[in-house]
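# What the coordinates show
Listed here are the chains, written in short residue letters.
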Amino acid sequence: MPRREFDPLQQAGLNAGNAIPRTEGEFDVTEFYTEVNVPLLADMFMADQLNLRGAVRASDYSTVGSTTSWNVALDWAPIPELRFRAIRAQSVRAPNVDELYSPPSQTFPTGLTDPCVGITNASTGAVAEACRAAPGVQANIDANGSFTQNQSDVQGISGYNRGNPNLDVEKGKSWTLGFTYSPEGFLSDFDFNVDYFDIEIEDAIVSTPRQFILDQCYGGGDASLCDFITRRPTAQGANSAGSLEYIDSGVTNSGGFATEGIDFVITYGKNLEDFDLAGRFNARLSYTRLLDGYSIPLPGSDKDVFAGEVGAAEDKFFLTMGYEIGDFSISWNTTFIGHSYLDDQFLSGYDLAPESVGVGAVTYHDINLSYKPSDSYELYVGLQNAFDKEPAPIITGLPGNSTGTETDASVYDPIGRRMYAGVRMKF
């Protein structure tokens, strides 16, 4: 049975972090897969090759039942050096053990804006009426003239995340259009690849965003989401009456995602004997331009555009250069993450325009050397973040902040320059 279990201190929340309870569960799956490649034309004018490809995978899960994924592709090479492709695909993803069976796990969300802040007894509208319906909020207004929160209120919000055993599969549809060009002559050491992608996911498994829960509960038209919110009915310690105490969230098949962009890849390989030198040089440059990207928290809700925000920069590239001679090799890897902006919904809570606050571009360099005298073992040493690049600053309280790092640790390197060494062996 798959299980995720932490030590007792971590499970109790006594290890300088949130309590993370034990998760366990299981499911069975049976799958059948087939694919076909049908040559349509070959060795003809403007049709060096024309192939039709297809594949189907049928699965049966003990949790979500039967699913089907498939793809159909047309592959056309008018000349040997140039190949075009068009792929239409349907993909599915069944929920994993964590998404199905995770017990309530406490978290302390940041970057939330309470819609009730500033509401007075004279305020009108759906938001004001919903806020004053909470006894603690009304008591706060009566005491202060308007709903007011202090720093402890902002930092004292907690909540629980939980799994959902009734989840269904995610379903995605995608288009991929692209070409590969492998020229002859003086550019024969290059390969060029360009692909346009357009992906849409329905019934996505998502945790309903807490800001969305707040906005819908207070004047957004979905009062049922108020069940996830607990406010303090009276002042408690340093926390004010009516301040947010808990906002819970669970996973559902209620989301949607879409992303659109273009991938460019250039590869180069050259034996240096042509220049009266020893060894071989290789390089690969990949660049992704994100054209669009958005999520839909719940069916019928407005799109939340994330393209260009932290974690989804519009421009990214990765360059690797390597040199091999005998048993030795060295590689230099460069990663570029373009400038990014804070979440637009967070900014709107402070009456700031989208893309008005963000972080600059970041570039990282990594170096690796290896020595492989035989197929049985290899020695290697490396340097990550060689120039000790500081991460993009995303301080506590801003969306994307990873606790204790003052940045988004899933995107940027919070550690700095570091070395590693090791050995790989085959027996």
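Bear in mind that the values here come from a model prediction, so they are computed numbers and not experimental data.

## Considering the overall build of the chain
Along the chain, the regular secondary structure elements total 7 helices and 22 strands. With the C-alpha coordinates of the chain rotated into their principal frame, the extents come out at 85 × 50 × 45 Å. Expressed as a percentage of the 427 residues in the chain, the buried residues total 36%. Counting only contacts in the chain whose residues sit at least 6 apart along the sequence, the fraction spanning at least 24 positions is 62%. As displayed, the chain has an accessible area near 23400 Å², and 56% of this comes from carbon and sulfur atoms. A gap of 3 Å separates the mean positions of the 28 positive and 58 negative side-chain charges of the chain.

## Considering the packing of aromatic side chains
Aromatic rings in a pair are described by how distant their centres are and how their planes are angled relative to each other. Evaluated as defined, the whole model comprises 14 aromatic pairs. With a centroid separation of 5.8 Å and an interplanar angle of 25°, the aromatic rings of Phe264 and Tyr287 are classed as stacked. In this pair, Phe264 sits in strand S13 (residues 249-271) while Tyr287 sits in strand S14 (residues 280-296), placing the two residues 23 residues apart along the sequence. Centre to centre, the rings of Phe317 and Phe336 are 5.1 Å apart; their planes meet at 10°, and the pair counts as stacked. In this pair, Phe317 sits in strand S16 (residues 315-325) while Phe336 sits in strand S17 (residues 328-337), placing the two residues 19 residues apart along the sequence. For Phe317, a relative accessible area of 28% gives the class partly exposed. Under the relative-accessibility criterion, Phe336 is labelled partly exposed at 22%.

## Thoughts on the nonpolar core
Nonpolar side chains tend to gather and get buried jointly when the protein is soluble and globular. Counting 20 residues, the largest nonpolar core has Val137, Leu214, Tyr218, Ile229 and Ile247 as the members making the most contacts within it. Contributions of two or more residues to this core are made by helix H3 (126-132), helix H4 (135-144), helix H6 (210-217) and strand S12 (244-247). Ranked by residue count, the leading element in this core is H6, at 4 residues. If near-sequence neighbours (up to four positions away) are discounted, Ile247 is found in contact with Leu112, Ile157, Ser158, Gly159, Tyr160, Arg210, Ile213, Leu214, Phe228 and Ile229.

## Details of unusual backbone geometry
The backbone phi angle of Met46 is positive, close to 60°, even though this residue is not glycine. Within the secondary structure layout, Met46 lies in the loop between strand S3 (29-44) and strand S4 (47-61). Classification of Met46 by relative accessible area gives partly exposed; the value is 40%. Phi at Asp203 takes a positive value of approximately 55°, unusual for a residue other than glycine.

## So, the pattern of salt bridges
With the rule as written, the count across this model stands at 12 salt bridges. A salt bridge links Asp114 to Arg231; the shortest N-O distance between them is 2.8 Å. Here Asp114, found in the loop between strand S7 (105-107) and H3, pairs with Arg231, found in strand S11 (residues 229-231); they are 117 residues apart in sequence, far enough to count as distant. Residue Asp114 shares its accessibility class with Arg231, and that shared class is buried. Note that Arg289 and Glu314 form a salt bridge whose closest N and O atoms lie 3.6 Å from each other. On the criterion of sequence distance, the pair formed by Arg289 in strand S14 and Glu314 in the loop between strand S15 (304-305) and S16 is long-range, its members being 25 residues apart. On the accessibility criterion, Arg289 (29% relative accessible area) is partly exposed. Through salt bridges with shared partners, a single ionic network connects Arg93, Glu99 and Glu170.

## Regarding the pairing of strand S10 (residues 190-207)
When strand S9 (residues 170-181) meets S10, the two strands line up antiparallel, connected through 11 bridges. Opposite Leu177, over in S10, you have Tyr196 as the bridge partner. Bridging between S10 and S13 involves 15 bridges; their strand directions are antiparallel. When the bridges of S13 are listed, Asn193 appears paired with Val265.

## Some details on the side chain of Glu245
With respect to the element layout, Glu245 can be found in strand S12. In this structure, Glu245 is buried with no salt-bridge partner, the nearest side chain bearing the opposite charge being Arg232 at 4.6 Å. Contacts of Glu245, omitting those with residues within four sequence positions, involve Gly156, Ile157, Ser158, Thr230, Arg231, Arg232 and Gln236.

## Topic: the layout of surface pockets
Taken as a whole, the second largest pocket holds about 300 Å³ of empty space. Along its surface, the second largest pocket is lined by Thr113, Gln211, Phe212, Asp215, Gln216, Pro297, Ser301, Asp302, Gln345, Ser348, Gly349 and Asp351. A total of 4 residues in the lining of the second largest pocket trace back to one element, the largest contributor, which is H6.

What counts and how
- Residues numbered from 1 in each chain as written.
- Predicted model: local features only at pLDDT ≥ 70, side-chain atom pairs only at ≥ 80, totals over all residues.
- Heavy atoms only, no water.
- Helix = DSSP H or I, 4+ residues; strand = E, 2+ residues; numbered from the N terminus.
- Buried < 20%, exposed > 50% of the residue type's maximum accessible area, 1.4 Å probe, protein only.
- Contact = heavy atoms within 4.5 Å.
- Areas by Shrake-Rupley, 256 points an atom, 1.4 Å probe, with all protein chains shown as cover.
- Lys, Arg positive; Asp, Glu negative; His and termini not counted.
- Charge placed at Lys NZ, Arg CZ, Asp CG, Glu CD.
- Phe/Tyr/Trp six-rings, centres within 6.5 Å; stacked < 30°, edge-to-face > 60°.
- Core = buried A, V, L, I, M, F, W, Y, C linked by side-chain atoms within 4.5 Å.
- Salt bridge = Lys/Arg side-chain N within 4 Å of Asp/Glu carboxyl O.
- Pairing = 2+ DSSP bridges.
- 1 Å grid on protein atoms, 1.4 Å probe; cavity = no way out; pocket = protein on both sides within 12 Å on 5 of 7 lines; lining within 4 Å.
- Points joined across faces, edges and corners; volume = space filled by probe spheres on them.

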